Amino acid sequence: MSKSTVNFILNGKQIGPIAVDQNTMMIQFLHEHLNLTGTKFGCGAGICHACVILEKTATGHVTHRTCINGVGSFNGKNLMTVEGHARIDVKTQELELHPVQQAFIEHFSFQCGWCTSGFVNEAIGYYESLKQNPVKKSELRSSIEASLAEHVCRCTGYVKYYEAIEDLILSQPELVR
Amino acid sequence: MKKLIIIGLALGLAAVIFIYFGSGKLANVASAAHQSETVDIIVERGRQVAIESDCVACHTGPSGAPFAGGVAFDSPFGMIYSTNITPDKQYGIGLYQREDFYRAVKWGYSSKVGNLYPAMPFTSYRKLNDEDLDALWAYFQSIKPIAEPNSANDLIFPANIRFFLGGWNQLFFDDSDFINDTNRSEQWNKGKYFVEAAGHCGECHTPRNLLFAMQPDKALQGEFLEGWQAGDITAKELKSQGWNAKDLVDLLKMGESRKGSTYENMYLVVNHSLSHMPNEDLAAISGYLLDKDQVSIAEVTGSSDLQPIERVYLSQEDKTLSGYQTYVDYCAGCHGLDGLGKPEAVVALHQNSAFTAQSPYNSIAVILRGLPSKRQSQTRGVVSMSSFNAQVSDQQVAELVNFARQVWGAQKDAKVNNDMVKEIREKLDKEGYLNHLQMKKSD
Ligand code: FES
Ligand code: FES
């Protein structure tokens, strides 16, 4: 089978250039080549958004579904998966989750966790976008719902995800206007 | 401005001529009697004619009240709103006499406001026969009156002067009756009648001139509409694309076929109108469009299921063509590595009319624009397609479309070049059609 070349930044590290089978989807590459299994494969048809990862662009953040996009479509991009958001505190050596991840845990937002990596990436993209464009307080709920609308969760009923983000944003006055 | 004034004066002059010579015809409305039929039968036929004519699509607005009007049409001259056609005396057509109804539907003249804008397809309804018109009139008298006021149009000069529309009519309105071709079969003529009259297919599929009149010598050859191309549906084109009668009936009945799926406006036409029509009528339409005198019902029905997609796999050679890698990277995740699609979720690409069509316009536009999801029935639907405008270069689109036309559309020409894509991209962007799926965040 023909090969194509993979070359991008993932969680701050340069990946490639490496040759992979031409037909490789991004989620396959994450799981099987990089052993990053935090990104979940749900429907495999672009519907549930469990497999969403985050791209940092010059102007903000964009999300991509990895089950339906070939690895080649990510070349040249600066990407984050669910494995890349937490930091190790250099002094204490403690794991510090991204505030969005922390909020999800504090609100018991997920149960089985299959949808969680997708929610984390989408919600982080949304949260970061508010640093540039704060949202009107009166429109916060609807804007959270719009940003996560396409993410399917079969366990929780969504409310705890939405509440977690709402609480997090309201705790940072600079994100609302 | 000067140009507009000249157009205005020309239309005004033509209006005078139309009113002078045409008024006699307005009064000469035939009066067909239905002595032997009961009112119920006539009303039921009228309901069917209303379905065939797709009245509901334009006359049921945001309030959802059936036939109470209020649908906005964003024309190049400004906004036009459809009107209340329920029998309400104040806002609807409750004070109409049969003659008033005739004038409005067949002649584009309302006794309330004067000349109608040709957004109302009276240029096609003119071909309806009197029997169907009577039935339609009976039906619209029988429905529930709804007291919903009409919205005022918001148009620029000279389009806001209805008087000038008489001039437009004089210049472009073909006031001849439907012509039954005695050399052709009854079924073929039935199909022709539907396509030309109630179905008003030409209103979208026939190219228009500078003053937005259909060009009869180019009937059904395709026209641009809201950033898409309402395809060329002439028999020559359909045959060259490999459509058969069953494909057409599948598409008209279910909104999907072996040759692809209907979207946007045509999806609505299928849902509101065509899917409610009997197979006999759809067979007649398919026969007329394919220029066949006889299409048997067995040929187009057989089972209610769609004709299966041919499982044709790409060859190793196909996979070496430029465009294939872009296909894998952006498209294969949904459409499959061999373009076979996913049943009830994603259309197959082999023989898809986007690629068998002579014009590559829609295949380029769909990559740039994406498509909303649609639900055809409880069990049948298609997921949305992302807009790839921000993802792919002009060259990638050109290579992709040439690849797809070659392997799935059986077209050997590499017709699409970068400039063509660039031009379409700029046009769609200017008209506000790119990234219109705002709700779609991730690709
Ligand atoms: S697994 Fe990718 S969208 Fe469901
Ligand atoms: S937590 Fe189970 S699917 Fe969302």
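Each remark here, short or long, concerns the structure printed above.
Residues numbered from 1 in each chain as written. Chains lettered and ligands numbered in written order. Predicted model: local features only at pLDDT ≥ 70, side-chain atom pairs only at ≥ 80, totals over all residues. Heavy atoms only, no water.

Q: Please clarify how the overall build of chain A should be interpreted in this entry.
A: Scanning chain A from terminus to terminus reveals 5 helices and 7 strands. N-terminal to C-terminal, the α/β element order of chain A is β-β-α-β-β-β-β-β-α-α-α-α. For a compact globule of 177 residues, the expected C-alpha radius of gyration is about 16 Å, and chain A comes in at 17 Å, within 12% of that figure. Out of the 177 residues belonging to chain A, those deemed buried represent 51%. In chain A, the share of contacts with a sequence separation of at least 24, taken over all contacts with a separation of at least 6, comes to 57%. Summing over all exposed atoms, chain A offers an accessible surface of approximately 8,500 Å²; the carbon and sulfur share of this is 53%. For chain A, the distance from the average position of its 15 positive side-chain charges to the average position of its 17 negative side-chain charges is 3 Å. (Helix = DSSP H or I, 4+ residues; strand = E, 2+ residues; numbered from the N terminus. Rg over C-alpha atoms; globule rule 2.2 N^0.38 Å. Buried < 20%, exposed > 50% of the residue type's maximum accessible area, 1.4 Å probe, protein only. Contact = heavy atoms within 4.5 Å. Areas by Shrake-Rupley, 256 points an atom, 1.4 Å probe, with all protein chains shown as cover. Lys, Arg positive; Asp, Glu negative; His and termini not counted. Charge placed at Lys NZ, Arg CZ, Asp CG, Glu CD.)

Q: Sorry if this is basic, but what is going on with the layout of surface pockets here?
A: Residue and element names in this part refer to chain B. Empty space within the second largest pocket amounts to approximately 770 Å³. Along the walls of the second largest pocket sit 36 residues, with His59, Ser82, Thr83, Ile85 and Leu116 positioned nearest its centre. If you list the elements that add at least two residues to the lining of the second largest pocket, you get helix 3 (55-59), strand 2 (78-81), helix 4 (98-107) and helix 6 (130-142). Residue composition of the lining of the second largest pocket, by class: 22 nonpolar, 11 polar and 3 charged. (1 Å grid on protein atoms, 1.4 Å probe; cavity = no way out; pocket = protein on both sides within 12 Å on 5 of 7 lines; lining within 4 Å. Points joined across faces, edges and corners; volume = space filled by probe spheres on them. Nonpolar A, V, L, I, M, F, W, Y, C, P; charged D, E, K, R; others polar.)

Q: Is there a simple way to think about the side chain of Glu203(B) in this case?
A: All names here are of chain B. Position of Glu203 among the secondary structure elements: in helix 9 (residues 202-205). Glu203 sits in the buried class, given a relative accessible area of 10%. Polar contacts involving the side chain of Glu203 include one to the side chain of Ser124, which spans 2.7 Å. In contact with Glu203, other than residues within four places in its own chain, are Pro118, Pro121, Thr123, Ser124, Arg208 and Met214. (Polar contact = N/O pair within 3.5 Å; in protein donor to acceptor, adjacent residues only side chain to side chain.)

Q: What is the right way to read the pattern of salt bridges from this model?
A: Inspection of the entire model under this criterion finds 27 salt bridges over all chains. Arg208(B) serves as the salt-bridge partner of Glu203(B), at 2.9 Å between the closest nitrogen and oxygen. Two residues, Asp394(B) and Arg425(B), come together in a salt bridge whose shortest N-O distance is 2.9 Å. One end of the pair, Asp394(B), is in helix 19 (residues 394-407); the other, Arg425(B), is in helix 20 (residues 418-430), with 31 residues separating them in the sequence. Residue Asp394(B) is classed as buried on the basis of its relative accessible area, which comes to 18%. Bridged by salt links that share partners, the residues Arg141(A), Glu145(A) and Glu166(A) form one connected network. (Salt bridge = Lys/Arg side-chain N within 4 Å of Asp/Glu carboxyl O.)

Q: I tried to follow the environment of Val295(B) on my own but got confused; where do I start?
A: Residue and element names in this part refer to chain B. By secondary structure assignment, the location of Val295 is in the loop between helix 13 (279-289) and helix 14 (297-300). The buried category is assigned to Val295, whose relative accessible area is 1%. The sequence separation of Val295 and Tyr313 amounts to 18 residues, and the corresponding C-alpha distance is 31 Å. Once residues within four sequence positions are removed from consideration, Val295 is found in contact with Gln187, Ala245, Ala283, Ser286, Gly287 and Val300.

Q: How should the sheet that holds strand 1 (residues 72-75) of chain B be read in this particular structure?
A: By definition, the strands of a sheet pair up through backbone hydrogen bonds, in either a parallel or an antiparallel sense. Reading across from one edge, 1-2-5 (chain B) is the order of the 3 strands in this open sheet, with antiparallel pairing throughout. Bordering the open sheet on either side are strand 1 and strand 5 (154-155) of chain B, each of which pairs with just one other strand. (Pairing = 2+ DSSP bridges.)

Q: What is the right way to read the interface of chain B and chain A from this model?
A: Where interface size is given, it is often the accessible area lost as the parts come together that is meant. Taken together, the contacts link 19 residues of chain B with 24 residues of chain A. Taken over both partners, the interface formed by chain B and chain A buries close to 1,800 Å², and the fraction arising from carbon and sulfur atoms is 42%. Taken together, the connections running from chain B to chain A amount to 0 salt bridges. Linking chain B to chain A there are 6 residue pairs in polar contact (both at pLDDT 80 or more). Residue assignment for the side of chain B that touches chain A shows that the elements contributing at least two residues are helix 15 (324-330) and helix 16 (332-335) of chain B. The greatest single-element share of the side of chain B that touches chain A, amounting to 5 residues, is contributed by helix 15 of chain B. Counted by class, the side of chain B that touches chain A contains 8 nonpolar, 5 polar and 6 charged residues. (Buried area = accessible area lost by both parts, 1.4 Å probe.)

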